[in-house]
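Here's the letter readout for the chains.
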Amino acid sequence: MMALQFKLEQYPPICGGGSFSYYPFAIPPIGRQRNQSLQAQALPSRTQRIMESISVSGEVGGAGGSYSYDALKRLDQLWSGICSAQTDVLEPQKVVSSVPGLFSQSDVAGKAVETFDVIVCGGTLGIFIATALSCKGLRVGIVERGVLKGREQEWNISRQELLELVEVGIITEDDIEQSIASIFNPNRCGFEGKGEIWVEDILNLGISPAKLIEVMKKRFDSLGGIIFEGDSVSGISIYEDAAVLQLAKAKILSSRLLIDAMGNFSPVVKQIRRGKKPDGVCLVVGSCCRGFKDNSTSDVIFSSSAVKEVGESEAHYFWEAFPAGSGPMDRTSYMFTYVDPHPGCPKLEELLEDYWDLMPNYQFGDASGIQSPVSFGGFGSLTRHLGRLSAGIYEAINGDLLDSNNLSLLNPYMPNLSASWLFQRAMSAKKESNVSPDFINELLYVNFRSMQRLGDPVLRPFLQDVIQFGPLVKTLGLVMITKPLIIPSIFKQVGVPVLLDWSGHFFMLGYYTFLSTFVDPVIRPLVNAVPAKMKYKWRRQLEAWQYGSGLDYKMSNPNTTKAERGMGTGGEAWAESKSLP
């Protein structure tokens, strides 16, 4: 068995979230380039031959990517457009527009087929926030351009993160158990020729999105939620009293609040970013294969080689893989690299050509070679922030605090996220950096070894994408003591301007840690006594300090029982979720 997948992920700019837009365009070959292009068409690449020989029933969208050769070429065309010599691509089509006056008094008010408190656009991850808001008594609708269902490929997550869904009250532990497709331990961090670090219970559950989302759909439906499948957004009009959604099939929906959960290809995000390039991209290719007998462990991150030339650029490859739930000897493996988009960046097809060469030695050359990476992904991030977001949105709607200033408090500046940008830059290969090809391996191994020496309170949060001030200071200090000669190479690799900018976020990380640790306990008891509008703002500020410093992270024992956690079967959590914390 073999199934192919590939994807292109963006990472947020240094000062916040957001996404980026894709605008494909073809550059016609001329002269000798045209001859080379014709020769390439006459002799299909190995990737084309492999992908066209695999029988598939459909394509995996979203975070799972796609696995047809045509889809690969479309993605490479999009990627070429992003990496073009232009600073920015063309201004995207305007989807969201402001309309003066009240919707209730407009000519189109009578055409709305449904009215909601909240409409969520994009259902794959959007159904989680939609269900959480429905649990609080709000009328919620979901718009999904296809059929709302989960893919077959698993999502990887830890049990600790998954139980956040139970705490929010949208699912029971029994439902979670039924959605678990695979469990594996321990988990390895490895770097070529330098050593290995083993941890337990990090991204060690494979969750079936198909089963989990089916459970969520039933729960959402039981709460009175409505799903509009097979329809897409064609326009959004913002009135003084409503957000009005025009669907492609001519339906009109109105709501008090619209939530965009459509991901990187969201037309709303394209309009917000105005065609600007992303600051960093993660290119990922991978496959699922059968026939692995030793299939009970995983790697959190694995680097099997130094920097190498790929096309007109350089890349440092990392690997991830994990046992797949489709069978005891099935394994999914990915190869990924971090790049800054510029002319000459590697294409996905070029990565796949390297993947076929490198995977056999990586997967079969090491007895424990099963891998899966530091997550960076949407599902684990969603579970950690779901309680904060659902409570904040509920308060905003109840208090009629739906202006842009109040809603912006739900997506605040978080210095720990901005500080993590440095790690992406350090892991991106650059020809002009003039460092050793083995520098990235050396840097990562030194950091991971230092975190291991400092113990689980330092290592485990980092492996789950949570940056904290204390652990970061300890790690940097130990690295400088044990490997001081690596410091000049860090300056060459990331550049002085980036380090100076990062220093500001590092300072703010310490400041938020101080505020959350010492100021929060003083202010929190007083918040309930202030007026509703001020209460809403202070709660969002306290959350910004807590989540922005990474102090929301829980170091819990994933093996504790339901009774020990005091959650029962989840029914108590459902009841509690209707009231604000």
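Residues numbered from 1 in each chain as written. Predicted model: local features only at pLDDT ≥ 70, side-chain atom pairs only at ≥ 80, totals over all residues. Heavy atoms only, no water.

### Remarks on the overall build of the chain
Next up, step 1: Summing up its helical and strand segments, the chain has 21 helices and 19 strands in all.
Next up, step 2: The proportion of buried residues among the 581 residues of the chain is 52%.
Next up, step 3: Taking contacts inside the chain between residues at least 6 apart in sequence as the whole, the part at least 24 apart equals 77%.
Next up, step 4: Summed over its atoms, the accessible surface of the chain is roughly 25,900 Å², and 56% of this surface lies on carbon and sulfur atoms. (Helix = DSSP H or I, 4+ residues; strand = E, 2+ residues; numbered from the N terminus. Buried < 20%, exposed > 50% of the residue type's maximum accessible area, 1.4 Å probe, protein only. Contact = heavy atoms within 4.5 Å. Areas by Shrake-Rupley, 256 points an atom, 1.4 Å probe, with all protein chains shown as cover.)

### Regarding the sheet that holds strand β3 (residues 114-121)
The pairing of strands in a sheet comes from backbone hydrogen bonds and takes either a parallel or an antiparallel form.
Next up, step 1: Strand order in the open sheet formed by seven strands is β2-β11-β12-β13-β3-β4-β10, with mixed pairing between adjacent strands. Strands with a single pairing partner mark the edges of an open sheet, and in this sheet they are β2 (96-98) and β10 (226-229). Recorded for the sheet is a direction-independent mean angle of 35° between the axes of neighbouring strands.
Next up, step 2: Bridge count for strand β4 (residues 140-144) against β10 is four bridges, and the pairing is parallel. Within the sheet, the bridge partner assigned to G141 lies in β10 and is I226.
Next up, step 3: Along the sheet face, helix α4 (residues 126-135) touches β3, β4 and β13 (252-260) and points at about 170° away from the line of β4.
Next up, step 4: Packing against the sheet, helix α7 (residues 209-222) makes contact with β4 and β10, and its axis sits at approximately 125° to β10. (Pairing = 2+ DSSP bridges. Axes fitted to C-alpha atoms, helices over the stretch in contact; angles between N-to-C directions.)

### Notes on the environment of S436
Next up, step 1: By secondary structure assignment, the location of S436 is in the loop between α13 (421-426) and α14 (439-454).
Next up, step 2: Between the C-alpha atom of S436 and that of S489, which follows or precedes it by 53 residues, the distance is 8.4 Å.

### A closer look at the sheet that holds strand β6 (residues 180-183)
Next up, step 1: Spatial strand order, β5-β9-β6: three strands in an open sheet with antiparallel pairing. Of all the strands in the sheet, the pair left with one neighbour each is β5 (155-157) and β6. The mean inter-strand angle of the sheet, taken between neighbouring strand axes irrespective of direction, is 30°.
Next up, step 2: Here three bridges tie β6 to strand β9 (residues 205-207), and the two strands are oriented antiparallel to one another. Opposite S182, over in β9, you have G206 as the bridge partner.

### Notes on the pattern of salt bridges
Next up, step 1: On inspection of all chains with the given rule, the structure shows 21 salt bridges.
Next up, step 2: Three or more residues are tied together by salt bridges with common partners; here these are K194, D438, E442 and K483. (Salt bridge = Lys/Arg side-chain N within 4 Å of Asp/Glu carboxyl O.)

### A look at the side chain of S182
Next up, step 1: Mapped onto the elements, S182 comes out in strand β6.
Next up, step 2: Relative accessible area serves as the criterion here: at 10%, S182 is assigned to the buried category.
Next up, step 3: A polar atom in the side chain of S182 sits 3.4 Å from the backbone oxygen of P323.
Next up, step 4: Setting aside residues up to four positions removed in sequence, S182 forms contacts with N204, L205, G206, P323 and G325. (Polar contact = N/O pair within 3.5 Å; in protein donor to acceptor, adjacent residues only side chain to side chain.)

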